[in-house]
Amino acid sequence: MGLIGKDLIGLRDMPAERIKLILDTAVPMKEIIRRQIKKVPTLRGRTVVTVFYEASTRTRTSFELAAKYLSADTVTIAAAASSVSKGESLKDTARTIAAMGADAVVLRHPMAGAAELLARTVDAAVINAGDGAHEHPSQALLDLFTVREKKGRLEGLKVAIIGDIMHSRVARSDIWGFTRMGAEVRLAGPATLLPPGLEKMGARVCSSVEEALMDADVVIVLRIQLERQQQGLFPGLREYARLFGINRERLRLAAPGAVVMHPGPMNRGIEISPEVADGLQSAINEQVNNGVAVRMALLYLLTGGGCRK
Amino acid sequence: MKLLIKGGTVVDPVAGKIEEKDVFIVDGKIARAGAHVNTAGAEVLDASGKLVVPGLIDMHVHLREPGFEARETIYTGTRAAARGGFTSVACMPNTSPVADNGAVISFIKACGLKGAVNVYPIGAITRGSKGEELAEMGDMKEAGAVAFSDDGMPVMNAGLMRRALQYAGMLGMVVISHCEDKNLSAGGVMHEGYVSTMLGLKGIPASAEEVMVARDILLAEETGSRVHIAHVSTAGSVRLIREAKARGVRVTAEVAPHHFTLTDEAVLGYDTSTKVNPPLRSAGDVAAVREGLADGTIDVIATDHAPHTEEEKDVEYDLAPFGMVGLETAVGLVWTELVAAGVLTPLQAVVKMTLNPARVLGIPKGTLEPGADADITIIDPDLSEPVDPARFASKGRNTPFRGRLLKGLPWATIVGGRVVMQDRVIR
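Residues numbered from 1 in each chain as written. Chains lettered and ligands numbered in written order. Predicted model: local features only at pLDDT ≥ 70, side-chain atom pairs only at ≥ 80, totals over all residues. Heavy atoms only, no water.

Asks: For this particular structure, what's the right way to read the pattern of salt bridges?
Replies: Side-chain pairs of opposite charge can arise where the charged atoms are in close proximity. Under the counting rule described, the total for this entry stands at 40 salt bridges over all chains. Across the salt bridge formed by Arg95 of chain A and Asp92 of chain A, the nearest N and O atoms sit 2.5 Å from each other. Taken as a pair, Arg95 of chain A and Asp92 of chain A lie in helix α4 (residues 90-100) at a separation of three residues, close to a single helical turn. The shortest N-O distance in the salt bridge between Glu133 of chain B and Arg127 of chain B comes to 3.6 Å. The exposure class of Arg127 of chain B is partly exposed, given its relative accessible area of 37%. By sharing partners, the salt bridges in this structure join Arg83, Glu328, Glu385, Arg391 and Arg424 of chain B into a single network. (Salt bridge = Lys/Arg side-chain N within 4 Å of Asp/Glu carboxyl O. Helix = DSSP H or I, 4+ residues; strand = E, 2+ residues; numbered from the N terminus. Buried < 20%, exposed > 50% of the residue type's maximum accessible area, 1.4 Å probe, protein only.)

Okay, here's the thing in structure tokens:
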């Protein structure tokens, strides 16, 4: 059992102190990344397995780099999303992982609950790197880390999350994470992409993007997937960009110096205009950099924290 | 062959009475019920402290044969029924091949004869349950079908459903409707609400059921035919059915034990045994369903017993098939959740599991009148045990009630005068 439990499935039940511990641990990790030789022996002899049922170069590379910087051995299990429908069961993958003697497993899976299912099956620490529309905790933690770094605090901040909330695991983890740390979370997007019960999660659902942006300290823009339009969930990308896209004019509604973030990859000109994505307020590149630090912290706390059984 | 059930409390749904008396069975028929029966040479079953009721009828089960014998067979399914206190079951036609013709109905009837309890096949409404053209209902009736349903595959075409009601009505048969608008439920795996949002699972809104309930009520009203709404799960459905009954529409309805017991919160943790269709709903829906049971809006308690193999269910929530087993937990759930909780009186509960389903299906069961088949269930209201799927007679172990302590269990099941289960053990 690591310092933050056996697994990291989501932020829904994670206490604020534990989130703080992760963020605090990520600070010295970021120092390591800044060094010329980015390697420490902390996790030497430990094995981290990444299992990605969904393509995600960004998150997988981030985890792999994090593991390598801490001197862990990394293995990738190639698993295509199609193999799920072909009947290759997650349980079989779990058996493979157990046979490999992995210390930590990083799982990306297109279905909600997959990480929890795996965590119940294997002894290794399971890190959820995104399961369906459920949670993406390491992304939310890097968002929290980035905001704390930029603003010096999380408590009392106003955080606007804009876009497809329904299908976004990032939005869910962000809602839990930011509200747990004392921030106010506002949500806006097409009504067809706002699932029920968001208020019960502690967020405020706004009737317009403008309302959500008003005096916001943080603006998190979510990726809109073309596929959702094909499913008839909104009428078109052109209208989406006009009604919900974050551009320079809209951003003026936010508090001066508001931080703009995006989990990537971006559709420039649709959910975010190029001048905002590349503008002074954008922390999008720092998010990527911080992602490695936060994931180093997670691997350390889950597998190398000194008191693992 | 003579059997005397002695000293029990007889719950008679026809007379609407509960009184202590003996029940005497001769050659598979009920000879008489009363005190001081001359019983020379009879086997005696001491039922003191227990409730003697007409044999329970589950009008909504999936026996999986032909085609899916790894999940259940008519043999194992009827044993599960016997262990659960049921003497008759009506099985849905979503087998392979689909029970959409007289030959498959005859096959099921024939297999049922070797089962532990009476088996009444339900025929498909449309060929292959594809919702495209009517199945040969007349043939199926002659072969022994007792009702028609495309359970699990809602008839989306309203025009076709209207003709099905007209045609079945002509035959004097009931159409059992699985109410689900596939456009509204598409891709959904659980109730749409706070929990589905939290878990990131695609929700099935209450309206997916309710628009179809409303449609079928209107069609039944227009055609004058009988429609039975299967597995009601939402407050809106209960309200629609209540209003329709008040107008005199020939609509009846059933609820499954899991829908009056569990809410969508049971899905937390992604236990695939909670994946059912219709899904486990909100606390408000559960309360409304209970109210519907109490005020008579919901006529029948039926399990929707849907066994699956362990391999099928031991996967990601999205991939798991819908359905949970119900035959062996039904009586315990009814007694623990409804009778002990004061929602239903013992008599009301018995009516909904005997007389009412018999009337909906038009089968000569659900009574203790002299001359009737000696199908009897003896319930021990004080008997309690935790649910242990390892002891199920069903092949299916997919239940979210594992470990739940239930009080009020079937103690004996008698089919045609023969004791098929006693003291929780199948004979």
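Now that the structure is up, let's keep going.
Asks: Hey, could you run me through the environment of Ala258 of chain A in this one?
Replies: All names here are of chain A. Of note, Ala258 is situated in the loop between α11 (248-251) and β9 (259-261). Distance from Ala258 to Asp123, taken between C-alpha atoms, is 42 Å for residues 135 residues apart in sequence. Those residues in contact with Ala258, other than ones at most four positions away along the chain, are Lys151, Ala216, Asp217 and Gln281. (Contact = heavy atoms within 4.5 Å.)

Asks: Help me understand the sheet that holds strand β2 (residues 73-78) of chain A in this model?
Replies: By way of backbone hydrogen bonds, the strands of a sheet pair with one another, either parallel or antiparallel. Residue and element names in this part refer to chain A. Strand order in the open sheet formed by four strands is β2-β1-β3-β4, with parallel pairing between adjacent strands. The strands lining the two open edges of the sheet, one partner per strand, are β2 and β4 (125-131). The average undirected angle you get between the axes of adjacent strands in this sheet is 15 degrees. Where strand β1 (residues 47-52) and β2 come together, six bridges link them in parallel fashion. (Pairing = 2+ DSSP bridges. Axes fitted to C-alpha atoms, helices over the stretch in contact; angles between N-to-C directions.)

Asks: Help me understand the nonpolar core in this model?
Replies: The nonpolar side chains of a soluble globular protein tend to be buried, and buried together. Counting 75 residues, the largest nonpolar core has Phe148, Ile229, Ile301, Val334 and Trp335 of chain B as its most contacted members. For this core, the leading source of residues is helix α12 (residues 330-339) of chain B, giving six residues. Built from parts of two domains, this core gets at least three residues from each of domain 1 (2-51 + 373-426) and domain 2 (55-366) of chain B. In contact with Val334 of chain B, other than residues within four places in its own chain, are Phe260, Ile301, Val339, Ala349 and Met353 of chain B. The next biggest cluster of nonpolar side chains, apart from the first, holds 67 residues, and it includes Met29, Leu194, Val218 and Val292 of chain A. (Core = buried A, V, L, I, M, F, W, Y, C linked by side-chain atoms within 4.5 Å. Domains from an automatic or database assignment.)

Asks: Hey, could you run me through the UniProt feature "binding site: L-aspartate" in chain A in this one?
Replies: Residue and element names in this part refer to chain A. UniProt feature "binding site: L-aspartate": in the numbering of this structure it lies at Lys86, Arg169 and Arg223. Relative to the helices and strands, Arg223 resides in the loop between β8 (218-221) and α9 (226-230). Here Arg223 is in contact with Asp164, His262, Pro265, Met266, Asn267 and Glu271, once residues within four sequence places are set aside. For Arg223, the side chain forms a polar contact with the main-chain oxygen of Pro265, separated by 3.0 Å. (UniProt positions renumbered as here; feature names shortened; annotations may be inferred. Polar contact = N/O pair within 3.5 Å; in protein donor to acceptor, adjacent residues only side chain to side chain.)

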